[in-house]
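Secondary and tertiary structure notes
Residue strings, one per chain:
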Amino acid sequence: MPLFSAHIPTWSFSLFSLLQSRAQPTNSVRSRSIPAHRQQNLAVVGCGAVAELSIVAALEQLKLKPRLFVDRSEQQAEALASRFGAAIATTTAALTEHGVNAAIIATPNGAHATVALDLLDAGVHVLVEKPMAVSGAECDAMIAAADASGACLAVGQMYRFSPAYRWVKALIDAGTLGEIRHVEVRTGAPYGWPLKSGGLWRRDVAGGGVLIDAGVHILDLLLWWLGDLCVEDYRDDNYGGVEADCLLTASTVSGGEVIAEFSRTREMPRRLRIEGARGAVGISLAGGTIDELSGAATSFDAGPRLSRTAATSHIQLFASEIEDWLAAIAARRQPFVPGHEAARVVRLIETCYRQRREWELPWMKVPGAPHGAAA
Amino acid sequence: MTGDSRFSAYADRTVLITGATGFIGGRIAERLALDHGAHVRALVRSFGRAARLARLPVELTYGELGDPASLSAAVKGCDVVIHAAFDWRADANNLAGITNLAEACLAHGVRRMVHMSTMAVYGTLPPGDFDEASLDTPFTAYAKSKVTLEQHLGTFVGERGLPAVVLQPTIVYGPFSLPWTDQPVRRLLAGKLVLPEDPQGLCNAVYVDDVVDASLLAGLATDAIGERFLISGPDWPTWQAMFESYAQVLGVDGPVLLPAAEIRRRNRTAGLTALRHSIHNPGELIRTLAKSTLRAPLMALYRRLPQGKQAGIRRLYTSRPSGGPVPVFLPNAQLFNLYTNLARARIDKARQVLGYTPRFPAERGLAMTAEYIRWAYPCRDKAAA
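As the structure is a computational prediction, the values presented were derived from the model and not from experiment.

Okay, the confidence of the model for chain A next. Residue and element names in this part refer to chain A. Within chain A, residue pLDDT values average 89, and 88% of them lie at 70 or more. For the stretch residues 1-22, pLDDT sits under 50, and the model shows 32 contacts to residues farther than four places along the chain or on other chains. Contacts for the low-pLDDT stretch residues 27-31, under 50 throughout, to residues beyond four places or in other chains number 13 contacts.

Structure representation (structure tokens):
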């Protein structure tokens, strides 16, 4: 029986419950090191901007030393490996040679599934960056591969590790807000990551645009907090490439309205607000903090372990997801964000793209020159 | 595809655009790829800036103006090259860039090179009409650089037979125009935007799609080689009318009119005012630095700070203006000259030789820009600015 299976037989239910109860992220990543018994022979696969700016910084914070950095570009792999005295390789075939048993995948989105499947089949534990994959079918295959080999599959939906967002989860789970009536999120800013290549701008490599790249974080939170969402309308400005701006209207199972707007070109308010029948909560996404409470939400107490005011940097969130994944491997439990959880947002995004309409922006059309949107 | 037969020749052409991640180059890429079925190749120096361009069915090619090999590879196979890039980091790159590009165009037999210059080459002009025969009297470093580039390109045309055309757009506004739409909008949202009271300057405004029309025409027109063309709109709104239009969309106060002497007096103490504002709103200072070219080294320093200090900086970064004096945006010397301008660009030459007919009188261009502003600034309250 695979240890990390999402489908647990009845006889192991009590054990699974025990393990699941421990599948909570630690709340204290403060430049401390991972205990030796939890350390694995690590590799980082994919050495682009995310690895350079976030994963490496998180590994350093946790005082972890990967053995191997893998990238098609030896130069990029070397740039990161040299900070740890690690080896480099251009393919994942080298993992066995270096005794790697756990790998963080930070390749372009379109390669997540291919790389993860190879590793999971070989029994290598995997932490794959968000999005888990670019289609529901790929997610299913990854989950099945992890089930079959017993490897731990965790997904880097790092926002779930934020203390403030966990506080919101507790607030909603407790029913304090009452029935959720309206959710509105508008976030984004002119894109500015120092990309190493143009891969993010290719649909076959990135799997899409701003929705799957940045929207995946927020939509994952909404699914986690509110349950399944039904896509009512989705429109974006993809004219044959990948979208930079998109607008989603959806509904919760109980009929609450959800409006989500994501942008790579505009300074958006970067704010999320959830309004229920008995109260509301507003969140500054720029700082990851709660900036508005009203009604019943003002007196909600989530207990001593959850702080709604603790600010967390994105490096800390990366560190938290790595720490949780390693702890899950060591304790042979499910990670905090397992494959079957992270697959939900991929399926939602897939539905959006399937139902896509062109976002008609008046200035795009010139009199006498009507154009039809491609793709 | 287009209903405009003037541009139908682009349907089977390959066009290289430099500066396509920017405002004018980006809109040229949109129009060519979406309306006219051209194969568009975009020279990209920084992939991180290509989000808008990446919405389009265009070919992204990495290259640097200063790297002849990358430019040659990008130019190879192109019928038309539109050079809309300008390197603000180092002027030497611009001269090297136009040289490398011109050489590549000659080497690969490009049919037409269109170089985007600027009205600024004429400097501060007396009241009345001016045209391409007016004297170059550049006032800013940018304008001086553009004069040099025009002259350098002229040598290639005269001595080497390069089929190049120079366009001199005036004040190009519209969606994603940083200097003439987004920046005034942000200033109107954040504080008071000051214009000189007297005289009420004229804006040689041109809506971006008219500049695109001119660029595409310049890529085809038979008698245009070696010539330079002013490209402006069909009318001359006042600067006040332009910014009032923006303010109306935003639902904020319009520009404040002050006498020239008062502007000069206030400019003398502008540094002190900015300092007072920063003390009250350190978040704004941090946000400005985060968007500047100092971002990378500052981020490296930030990462070395203890967690507590990092959290403090993040709080400031996400904070909203908390009081203090309302920012007053005074025109510097360059803007003062522009805002008091009474010279009017003539576009007769472009009309006659290129067949250029601007489609956007100010009223229409500003109406289109208003649609953009509503979309681009969904949080239009002053505090959020």
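All names here are of chain A. Taken together, the 6 strands give an open sheet; going across it, the order is E3-E2-E1-E4-E5-E6, and neighbouring strands pair in parallel fashion. A single partner strand is all that each edge strand has here, and the edge strands are strand E3 (87-89) and strand E6 (153-156). Ignoring strand direction, the axes of neighbouring strands in this sheet form an average angle of 20°. Examined bridge by bridge, strand E1 (residues 42-45) and strand E4 (residues 102-105) share 4 bridges and lie parallel to one another. Residue pairing across strands places Ala43 opposite Ala103, the latter belonging to E4.

A few words on helix H3 (residues 74-81) of chain A. Residue and element names in this part refer to chain A. Buried residues of H3: Ala77, Leu80 and Ala81, and no others. Seen from one end, H3 has its buried residues packed into an arc of 100°, which puts them on one side. Elements that come into contact with the buried residues of H3 comprise helix H2 (49-61), strand E2 (68-70) and E3.

What follows covers the pattern of salt bridges. Evaluated as defined, the whole model comprises 51 salt bridges over all chains. Salt-bridge contacts for Asp204 of chain A lead to Arg202 of chain A; the nearest nitrogen and oxygen are separated by 2.7 Å. Its salt-bridge partner being Asp233 of chain A, residue Arg235 of chain A comes within 2.9 Å of it at the nearest N-O pair. By relative accessible area, Asp233 of chain A is classed as buried at 16%. Each of Asp237 of chain A together with Asp4, Arg6, Arg27, Glu30, Arg31, Asp35, Arg52, Arg55, Asp209, Asp213 and Arg359 of chain B takes part in salt bridges that share partners, so that together they form one network.

At the junction of the two partners, chain B supplies 40 residues and chain A supplies 44 residues. Taken over both partners, the interface formed by chain B and chain A buries close to 3,600 Å², and the fraction arising from carbon and sulfur atoms is 61%. The tally of links from chain B across to chain A stands at 1 salt bridge. Of the charged contacts in the structure, one is a salt bridge between Asp237 of chain A and Arg55 of chain B, with a shortest N-O distance of 3.7 Å. Our count for the contact surface shared by chain B and chain A stands at 8 residue pairs in polar contact (both at pLDDT 80 or more). Looking at the side of chain B that touches chain A, the elements with two or more residues in it are helix H1 (23-35), helix H12 (307-317) and helix H15 (362-376) of chain B. The element contributing the most residues to the side of chain B that touches chain A is H15 of chain B, with 6 residues.

Structurally, Gln40 of chain A is set in the loop between helix H1 (13-22) and E1. Discounting chain neighbours no more than four positions away, the residues touching Gln40 of chain A are Asn101, Ala102, Leu326 and Ile329 of chain A.

Let's shift gears to the packing of aromatic side chains. For the coordinates displayed, the defined rule picks out 26 aromatic pairs over all chains. Taking 5.0 Å as the distance between ring centres and 55° as the angle between the ring planes, the aromatic pair formed by Phe176 of chain B and Tyr372 of chain B counts as tilted. Here Phe176 of chain B is found in the loop between strand E8 (171-173) and helix H5 (178-190), whereas its partner Tyr372 of chain B is found in helix H15, with 196 residues between them in sequence. Exposure remark for Tyr372 of chain B: the relative accessible area of 3% places this residue in the buried category. Connected via pairs of aromatic rings, a cluster forms that spans Trp359 and Trp363 of chain A together with Phe176, Tyr372 and Trp375 of chain B. Positioned above the aromatic ring of Phe360 of chain B is the side chain of Arg364 of chain B, whose terminal nitrogen or guanidinium carbon lies 5.1 Å from the ring centre.

The next subject is the nonpolar core. Ranked by internal contacts, the top residues of the largest apolar core, which has 114 residues, are Phe69, Met132, Leu222, Trp225, Leu272, Ile274 and Trp325 of chain A. At 12 residues, the largest contribution of residues to this core is made by helix H9 (residues 210-226) of chain A. The residues that make up this core include at least three from each of domain 1 (10-158 + 320-336) and domain 2 (160-313 + 347-363) of chain A. Apart from the residues within four sequence positions on either side, Leu222 of chain A is in contact with Val183, Gly227, Leu229, Val258 and Leu272 of chain A. Counting 101 residues, the second-largest nonpolar core is a separate cluster that includes Ala51, Ile82, Val185 and Val252 of chain B.

What follows concerns the packing of helix H7 (residues 239-250) of chain B against H15 of chain B. A packed helix pair is summarised by two numbers, namely the angle formed by the two axes and the spacing between the axes. Residues and elements named next belong to chain B. Between H7 and H15, whose axes approach to 10 Å, the crossing angle comes to 40°. When the interaxial angle is binned, H7 and H15 end up oblique. For the pair H7 and H15, the crossing hand works out as right-handed. Across from Met242, Ser245, Tyr246, Val249 and Leu250 in H7, the residues of H15 making contact are Leu366, Thr369, Ala370, Ile373 and Arg374. Looking at the contact of H7 with H15, its residues break down into 7 nonpolar, 2 polar and 1 charged.

Parameters and conventions
- Each chain has its residues counted from 1, following the order in which its sequence is written.
- Here every chain gets a letter starting at A, and every ligand a number starting at 1, in the order they are written.
- Local features are withheld for residues below a pLDDT of 70 in this predicted model, meaning they are given only at 70 or higher, and side-chain atom pairs are given and counted only at 80 or more; totals for whole chains, interfaces and linings count all residues.
- Values shown for side chains rest on all heavy atoms present in the structure; no hydrogens or waters enter the calculation.
- For every residue, the pLDDT score states the predictor's confidence, bounded by 0 at the bottom and 100 at the top.
- Here, two residues are considered to be in contact whenever any of their heavy atoms come within 4.5 Å of each other.
- Think of it this way: DSSP has to see at least two bridges between two strands before they count as a pair.
- Helix and strand definitions follow DSSP, with helices as H or I runs of at least four residues and strands as E runs of at least two, each counted in order from the N terminus.
- Helix axes use the C-alpha atoms of the stretch in contact, all axes being lines fitted to C-alpha atoms, and the angles between their N-to-C directions lie in the range 0 to 180 degrees.
- Under the scheme applied here, a residue whose accessible area is under 20% of the maximum for its type counts as buried, over 50% as exposed, and between as partly exposed, the area being computed with a 1.4 Å probe on protein chains only.
- What the arc measures is the spread of directions leading from the helix axis to the C-beta atoms.
- Throughout this description, the term salt bridge denotes a Lys or Arg side-chain nitrogen within 4 Å of a carboxyl oxygen of Asp or Glu.
- The term buried area refers to how much accessible surface (probe radius 1.4 Å) is lost by two components on association, counted for both of them together.
- Think of a polar contact as two N or O atoms within 3.5 Å of one another; within protein, one of them needs to be a possible hydrogen donor and the other a possible acceptor, and neighboring residues in sequence only count if both atoms come from side chains.
- Any two of the Phe, Tyr and Trp rings considered here, Trp counted by its six-membered ring, make a pair once their centres fall within 6.5 Å; the pair's planes then place it as stacked at under 30 degrees, edge-to-face at over 60, or tilted in between.
- Charge-over-ring contacts are defined here by two conditions on Lys NZ or Arg CZ: a distance within 6 Å of the ring centre and an angle within 35 degrees of the ring normal.
- For our purposes a nonpolar core is just a set of buried Ala, Val, Leu, Ile, Met, Phe, Trp, Tyr and Cys residues, chained together by side-chain atoms within 4.5 Å.
- Boundaries of every domain are those given by an automatic assignment or by a domain database.
- When an angle is under 35 degrees it counts as roughly parallel; over 145 it counts as roughly antiparallel; between 65 and 115 it counts as roughly perpendicular; any other value is oblique.
- Should the near helix be turned counterclockwise from the far one by less than a right angle, the crossing is left-handed, whereas a clockwise turn marks it as right-handed.
- Classification used: nonpolar for Ala, Val, Leu, Ile, Met, Phe, Trp, Tyr, Cys and Pro, charged for Asp, Glu, Lys and Arg, polar for all others including Gly.

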